[in-house]
Amino acid sequence: MIVPKGPQLSNMLRYVGKPLLLLVIYDLAVVTAYKVFHWSWIAMPHIPLSLFGSAIGIILAFRNQSAYGRWWEARTLWGSVVNNSRSWGRQVTTAMVPLSDAEIPELKVMQRRMVYHQIAYVIALRQHLRGLEPWEELTPLLKEPELSPLREARNVPLAIQQQMGTLLRESQLRGWIDLAQWRAMDESLNDLVDAQGGAERIKNTPMPKQYDYFPKLFVQIYCFVLPLALVINMEWLTPLGSTLVGFIFIALDKIGQDLEDPFENMIFDVPLTSITTTIEVNLRQLLGETTLPKPALPVSGVLW
């Protein structure tokens, strides 16, 4: 996610990049042909630019609203993951009670395993959505007997959830939590699975191709006829007017494309690394640990 301190013209120009450069070259070619070579037939002043521009603007706004809706839903789902992770950590560290003092060391180990599994879960879910391997970050959190079956799983976060359910059931059988507490904690796991399913739905269901193809095509056609309609009135200033208007439409089209897929490990994504680091810090804090990971900070204006 881009988090600049303020508007940066150079970055905005680089954002549209090649299409804007091609538009400038095309605008210069049109005005040169009209003014230098006297190709008067190239001018098309009767093209209804305002009508076309309004229609394309509505189309782009509709597409961008849909794209942002996907991005914001992704962020909302991860907000649910944050909240339920904290609930799980609080339940593990406060609701579980030993039957005797002799069980306190074993209970502490179980609490640590259950919280570390939740940290591993959010990391695995992040990597799962980004299409990356999670093993380097999971190794310090889980024991090898817990990691081995995960390496064979196609859905690693779900497999970790299964292990968490097993640990929860073991705690209930040993009497550390009662049935009501088991149900409450199991509900936290269910809410995490619901959020995972929503995120996977966004990841695995891309926007219809028509939402990409036609807005882009309409913008290209508009930019093509724009200098032809302006050149008879603006003459040598045609590249200025055409480029400014074209920049707006090109940028709007690109914004929609960038927001469509919020889990592609690109600079426009939901900042999953920052979110999972926050969860890890919170859960380790609930365990009473004092050596905590540092919060994720923006790198070159991008929060990952």
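The coordinates are above.
Residues numbered from 1 in each chain as written. Predicted model: local features only at pLDDT ≥ 70, side-chain atom pairs only at ≥ 80, totals over all residues. Heavy atoms only, no water.

## Considerations on helix α8 (residues 209-234)
Compared with an ideal rise of 1.5 Å per residue, which puts 26 residues at 38 Å, α8 spans 37 Å between its outermost C-alpha atoms and is within 8% of the ideal. The axis of α8 is deflected most strongly, by about 25°, at V225, and proline P227 appears within four residues downstream. Of the residues flanking the end of α8, it is E235, one or two places downstream, whose phi is positive at about 50°. (Helix = DSSP H or I, 4+ residues; strand = E, 2+ residues; numbered from the N terminus. Expected span 1.5 Å × (residues − 1). Bend = angle between axes of the 7 residues up to and from the residue.)

## A closer look at the packing of aromatic side chains
Enumeration according to the criterion identifies 9 aromatic pairs in this entry. Look at Y68 and W71: their rings are 6.1 Å apart centre to centre, the planes differ by 15°, and that puts the pair in the stacked class. Separated by 3 residues within a single helix, Y68 and W71 lie in helix α2 (residues 49-95), roughly one turn from each other. A relative accessible area of 41% places Y68 in the partly exposed class. With a relative accessible area of 8%, W71 lands in the buried category. Aromatic side chains Y68 and W72 sit 6.4 Å apart centroid to centroid with 15° between the ring planes, which places their arrangement in the stacked category. Residue Y68 and its partner W72 are both found in helix α2; the two are separated by 4 residues, about one turn of the helix. (Phe/Tyr/Trp six-rings, centres within 6.5 Å; stacked < 30°, edge-to-face > 60°. Buried < 20%, exposed > 50% of the residue type's maximum accessible area, 1.4 Å probe, protein only.)

## A few points about helix α6 (residues 156-173)
An ideal rise of 1.5 Å per residue puts 26 Å on 18 residues; α6 measures up with 26 Å between its terminal C-alpha atoms. Buried residues along α6 sit against α2, α3 (104-130), α4 (135-138), α5 (144-151) and α7 (179-204). You can read the cap of α6 off the contacts: a side-chain oxygen lies 3.1 Å from the backbone nitrogen of L158, and it is on N155. A positive phi of about 85° marks G175, the residue just after α6. (Contact = heavy atoms within 4.5 Å. Polar contact = N/O pair within 3.5 Å; in protein donor to acceptor, adjacent residues only side chain to side chain.)

## Quick notes on the packing of α2 against α8
In contact at an axis separation of 10 Å, α2 and α8 are set at 155° when each is read in the N-to-C sense. Considering the angle they form, α2 stands roughly antiparallel to α8. Relative to α8, the crossing made by α2 is left-handed. Facing α2, whose interface residues are L49, F52, G53, I56, I59, L60, F62, R63 and S66, α8 presents Y211, D212, P215, F218, V219, Y222, V225, L226, A229 and L230. (Axes fitted to C-alpha atoms, helices over the stretch in contact; angles between N-to-C directions. Parallel < 35°, antiparallel > 145°, perpendicular 65-115°, else oblique. Left-handed = near helix turned anticlockwise from the far one by under 90°.)

## Overview of the nonpolar core
Formed by 51 residues in total, the largest nonpolar core has its most connected members in W78, M114, L138 and I160. Elements that contribute at least two residues to this core include exactly α2, α3, α4, α5, α6, α7 and α10 (272-286). Those residues in contact with L138 that sit more than four places away from it in its chain are A120, I123, A124, L147, V156 and I160. Counting 17 residues, the second largest nonpolar core, distinct from the first, contains L20, I47, A229 and F249. (Core = buried A, V, L, I, M, F, W, Y, C linked by side-chain atoms within 4.5 Å.)

## Some remarks on the pattern of salt bridges
Summed over all chains, the structure comprises 14 salt bridges. Ionic pairing is found between K35 and E235, a salt bridge with its closest N-O pair at 3.6 Å. Of this pair, K35 sits in helix α1 (residues 9-35) while E235 sits in the loop between α8 and α9 (238-259), placing them 200 residues apart in sequence. Taking the relative accessible area as the measure of exposure, E235 reaches 34% and is therefore partly exposed. In this structure, the salt-bridge partner of R201 is E73, at a minimum N-O distance of 2.5 Å. In this pair, R201 sits in helix α7 while E73 sits in helix α2, placing the two residues 128 residues apart along the sequence. Overall, the relative accessible area of 42% leaves R201 in the partly exposed class. (Salt bridge = Lys/Arg side-chain N within 4 Å of Asp/Glu carboxyl O.)

Coordinates in, geometry out; function isn't part of it.
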